[in-house]
Amino acid sequence: MRNDLPLTVIGNLVEDPELRFTPTGVPVARFTVAFTPRSFDRETNTWRDGEPTFLDCTAWRQLAENLAASLTKGARVVVAGRLRTDRWETPEGEKRSKMVLDVDDAGASMTFATVAITRTTRSTPPREAAPDDVWDTATPTRPTAPSEPAPGDRPVPGQEPPF
């Protein structure tokens, strides 16, 4: 059993998802979801907005490509994944951290919109788990295919979904 913290968030995209590719060609998308709590004020008979929360999200492989091709800034989304903490140190030696959602699934919210589903075909089988953080080496263009796949890019037998 994994000890990940599962989380589902409903909110709006702050910007278009940014799609990049690792040096071995694995797609990765980054985007931010904003959500604002609302409460009803009975004294004034109006709704009040609370402080907005912004959550950085990362999606990998086919999900990353589908998100980048389907969703744009302002879209209302439902995002499910595992919450984790990114930690780093600044050049001045200050320790920093932020919460990031590693997205397992996402879709457009249909509360205030309609969606047309277009099924995609998988060009390559899924790969092993994503590296810890390769965003710094990711590029916005897919690299040319190497003559021999890298060890982490080889398909893992038995990981193809049953559908």
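The structure we're discussing is the one just above.
Every residue gets a number counted from 1 within its own chain, in the order that chain's sequence is written. Reporting of local features is limited, given that this is a predicted model, to residues whose pLDDT is at least 70; pairs of side-chain atoms are given and counted only at 80 or more, and all residues count toward the totals for whole chains, interfaces and linings. Side-chain calculation: all heavy atoms of the structure are included, whereas hydrogens and water are not.

Draft legend 1. Geometry of the overall build of the chain. Runs of H or I in DSSP of at least four residues are treated as helices and runs of E of at least two as strands, each being numbered from the N terminus. Counting its regular elements, the chain contains one helix and eight strands. For the chain, the α and β elements follow one another from N to C terminus as β-β-β-β-β-β-α-β-β. To sort residues, take the accessible area from a 1.4 Å probe on protein chains only and compare it with the maximum for the residue type: under 20% means buried, over 50% means exposed, and anything in between is partly exposed. Taken over 163 residues, the chain has a buried fraction of 26%. Of all intrachain contacts in the chain linking residues separated by at least 6 positions in sequence, the fraction that spans at least 24 positions is 65%. Split by element, the accessible area of the chain, about 11700 Å² in all, is 53% carbon and sulfur. Whether two residues are in contact is decided by their heavy atoms: any pair within 4.5 Å suffices. Residue-level accessible areas treat just the shown protein chains as cover; the underlying method is Shrake-Rupley with a 1.4 Å probe.

Draft legend 2. Just helix α1 (residues 61–70), in detail. Residues Arg61, Leu63, Ala64 and Leu67 constitute the buried set of α1. Across the axial projection of α1, the buried residues extend over an arc of 155°, all falling on one side. In α1, the exposed residues that point more than 90 degrees away from the buried face are Ala69 and Ser70. The arc in question is formed by the directions pointing from the helix axis toward the C-beta atoms.

Draft legend 3. Geometry of the pairing of strand β4 (residues 38–41). Strands are labelled as partners when DSSP assigns at least two bridges between them. Where β4 and strand β5 (residues 46–49) come together, four bridges link them in antiparallel fashion. Along β5, the bridge assignment pairs Phe40 with Trp47. The hairpin turn running from β4 into β5, its antiparallel successor, is four residues long, and Asn45 in that turn takes a positive phi close to 60°.

Draft legend 4. View of the nonpolar core. Think of a nonpolar core as a cluster: buried Ala, Val, Leu, Ile, Met, Phe, Trp, Tyr and Cys residues, connected wherever their side-chain atoms sit within 4.5 Å. Grouped together as the largest cluster of nonpolar side chains are 17 residues, with contacts concentrated most on Phe31, Val33, Cys57, Val79 and Val103. The set of elements that each furnish at least two residues to this core consists of β1 (5–13), β3 (27–35), β6 (53–60), α1, β7 (76–89) and β8 (95–108).

Draft legend 5. Quick peek at the environment of Asp102. Tracing the backbone shows Asp102 in strand β8. Given the relative accessible area of 13%, Asp102 is considered buried. In protein, a polar contact requires one atom able to donate a hydrogen and another able to accept it; more generally it is a pair of N or O atoms within 3.5 Å, and residues adjacent in sequence count only if both atoms are side-chain atoms. Of note is the side chain of Asp102, whose polar atom sits 2.6 Å from the side chain of Arg84.

Draft legend 6. Structural context of the pattern of salt bridges. We count a salt bridge whenever a side-chain nitrogen from Lys or Arg sits within 4 Å of a carboxyl oxygen from Asp or Glu. Going through the model one piece at a time under the given rule, you end up with eight salt bridges. Note that Lys98 is salt-bridged to Asp56, the shortest N-O span being 2.9 Å. Pair noted here: Lys98 is in strand β8 and Asp56 is in strand β6, with a separation of 42 residues, a long-range link. For Asp56, a relative accessible area of 25% puts it in the partly exposed group.

Draft legend 7. Just a nonpolar patch on the surface, in detail. A grouping of Met110, Val115 and Ile117 is seen on the molecular surface, where their side chains present a nonpolar patch of about 350 Å² in accessible area. Secondary-structure assignment places Met110 in the segment after β8. Take Met110: its relative accessible area is 59%, and that puts it in the exposed class. Patch definition: residues with relative accessible area over 30% and no salt bridge; like charges joined within 9 Å; nonpolar side chains (Val, Leu, Ile, Met, Phe, Trp, Tyr) joined within 5 Å.

Draft legend 8. Geometry of unusual backbone geometry. Residue Asn45 is not a glycine yet carries a positive backbone phi of 60°. As for its position among the elements, Asn45 is in the loop between β4 and β5.

Draft legend 9. A look at the environment of Glu94. For Glu94, the position within the fold is in the loop between β7 and β8. Relative accessible area serves as the criterion here: at 39%, Glu94 is assigned to the partly exposed category. Residues contacting Glu94, with those up to four places away along its chain left out, are Trp88 and Glu89. At 2.5 Å, the side chain of Glu94 and the side chain of Arg96 are in polar contact.

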